[in-house]
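Commentary on secondary and tertiary structure
What follows is each chain in one-letter form.
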Amino acid sequence: MAVLDIVTVGDPRLRQRSRPVRQITPKILRLIDDMIDTMYEREGVGLAAVQVGELLRLIVIEVPEDEKIPDSGKLYMVINPEIVKISRQTEVGREGCLSVPGYVGEVERATEVVVRGVDVRGKPLRLRLKGYVARVFQHEIDHCEGVLYIDKLTAPDRIWEVRPGDEEKVEAQEAAEAAVAA
Ligand code: CO
């Protein structure tokens, strides 16, 4: 168990495609554990392996439990995640990223996705997700392709500064929006 350093924007690894995990080894399981520790420590809602410097298709996600957010309060660990279905319906929302410290930006995402992958025991997974949790999955799976949310802003100026560490806090996002509106 360890908290790992986060790779930040400017590091070329964030722009590379991650490779599939071929075998679930003890090393892979330890990496997943460390990613979870890192996500909790940094108060992120998700993390892709590339963000800790490993170019492997591996994501962890946990959105703190909130009765208004479907599928929140669950820890997801997905090996080789892949979006196999995506809704035509989209919604605009704000996102932050531990690899883009100090900012939140507005991105349009599908409201529902179906994600396929493998769990830590090697069993196939199929998850149907909606709303904010679907957004986080799209964000993390983009990381596996070398894509960042800042590539997908609804407009170049729909990005705001926040205090470092507050990238993923809704209150900060609302405060940022209020600041822009003022
Ligand atoms: Co991110």
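Before reading on, note that the structure itself is shown above.
Predicted model only: the values in this text are computed from it and were never measured.

**With respect to the packing of aromatic side chains**
For any pair of aromatic rings, the description consists of the separation of the ring centres together with the inter-plane angle of the planes. Tallying each qualifying case throughout the model produces one aromatic pair. On the basis of an interplanar angle of 80 degrees and a centroid distance of 5.2 Å, the ring pair of Tyr-76 and Phe-137 is categorised as edge-to-face. Note that Tyr-76 is positioned in strand β3 (residues 75-86) and Phe-137 in helix α2 (residues 131-144), a separation of 61 residues in sequence. As far as the burial class goes, Tyr-76 and Phe-137 line up, both buried.

**A short note on the coordination of the cobalt ion**
The coordination sphere of the cobalt ion, as far as protein atoms go, consists of Cys-97 (SG), His-139 (NE2) and His-143 (NE2), spread over 2.1 to 2.2 Å. Each donor residue of the cobalt ion belongs to the same chain, and together they define the spacing C-x41-H-x3-H. Of this pair, Cys-97 sits in the loop between β4 (90-96) and β5 (103-110) while His-139 sits in helix α2, and the two are 42 residues apart along the sequence. The exposure class of Cys-97 is buried, given its relative accessible area of 1%.

**Side note on the side chain of Gln-51**
Within the secondary structure, Gln-51 is located in the loop between β1 (46-48) and β2 (58-62). Here Gln-51 falls in the buried class, since its relative accessible area comes to 1%. Ignoring any residue separated from it by four or fewer positions in sequence, one finds Gln-51 in contact with Asp-5, Ile-6, Val-7, Leu-14, Gly-46, Cys-97, Leu-98, Ser-99, Glu-140 and His-143.

**Description of the pairing of strand β6 (residues 112-118)**
Note: β3 against β6, five bridges, orientation antiparallel. Paired with Lys-85 across the strands is Val-114, a residue of β6. Note: β6 against strand β7 (residues 124-130), seven bridges, orientation antiparallel. The partner of Val-113 across the bridge, within β7, is Leu-129. If you look at the hairpin formed by β6 and β7, you'll find five residues sitting between the two strands, and Gly-122 has a positive phi there, around 90 degrees.

**Some words on the sheet that holds strand β8 (residues 159-161)**
The strands making up a sheet associate through hydrogen bonds between their backbones, and the pairing can be parallel or antiparallel. Ordered in space as β4-β5-β8, the three strands form an open sheet in which the pairing is antiparallel. Taken across any chain shown, the strands that pair with only one partner, and hence form the sheet edges, are β4 and β8. Put simply, the sheet's adjacent strands are angled 30 degrees from each other on average, direction ignored.

Definitions and cut-offs
- Residues numbered from 1 in each chain as written.
- Predicted model: local features only at pLDDT ≥ 70, side-chain atom pairs only at ≥ 80, totals over all residues.
- Heavy atoms only, no water.
- Phe/Tyr/Trp six-rings, centres within 6.5 Å; stacked < 30°, edge-to-face > 60°.
- Helix = DSSP H or I, 4+ residues; strand = E, 2+ residues; numbered from the N terminus.
- Buried < 20%, exposed > 50% of the residue type's maximum accessible area, 1.4 Å probe, protein only.
- Donors = N, O, S within 2.8 Å, 3.2 Å for Na, K, Ca; no water.
- Contact = heavy atoms within 4.5 Å.
- Pairing = 2+ DSSP bridges.
- Axes fitted to C-alpha atoms, helices over the stretch in contact; angles between N-to-C directions.

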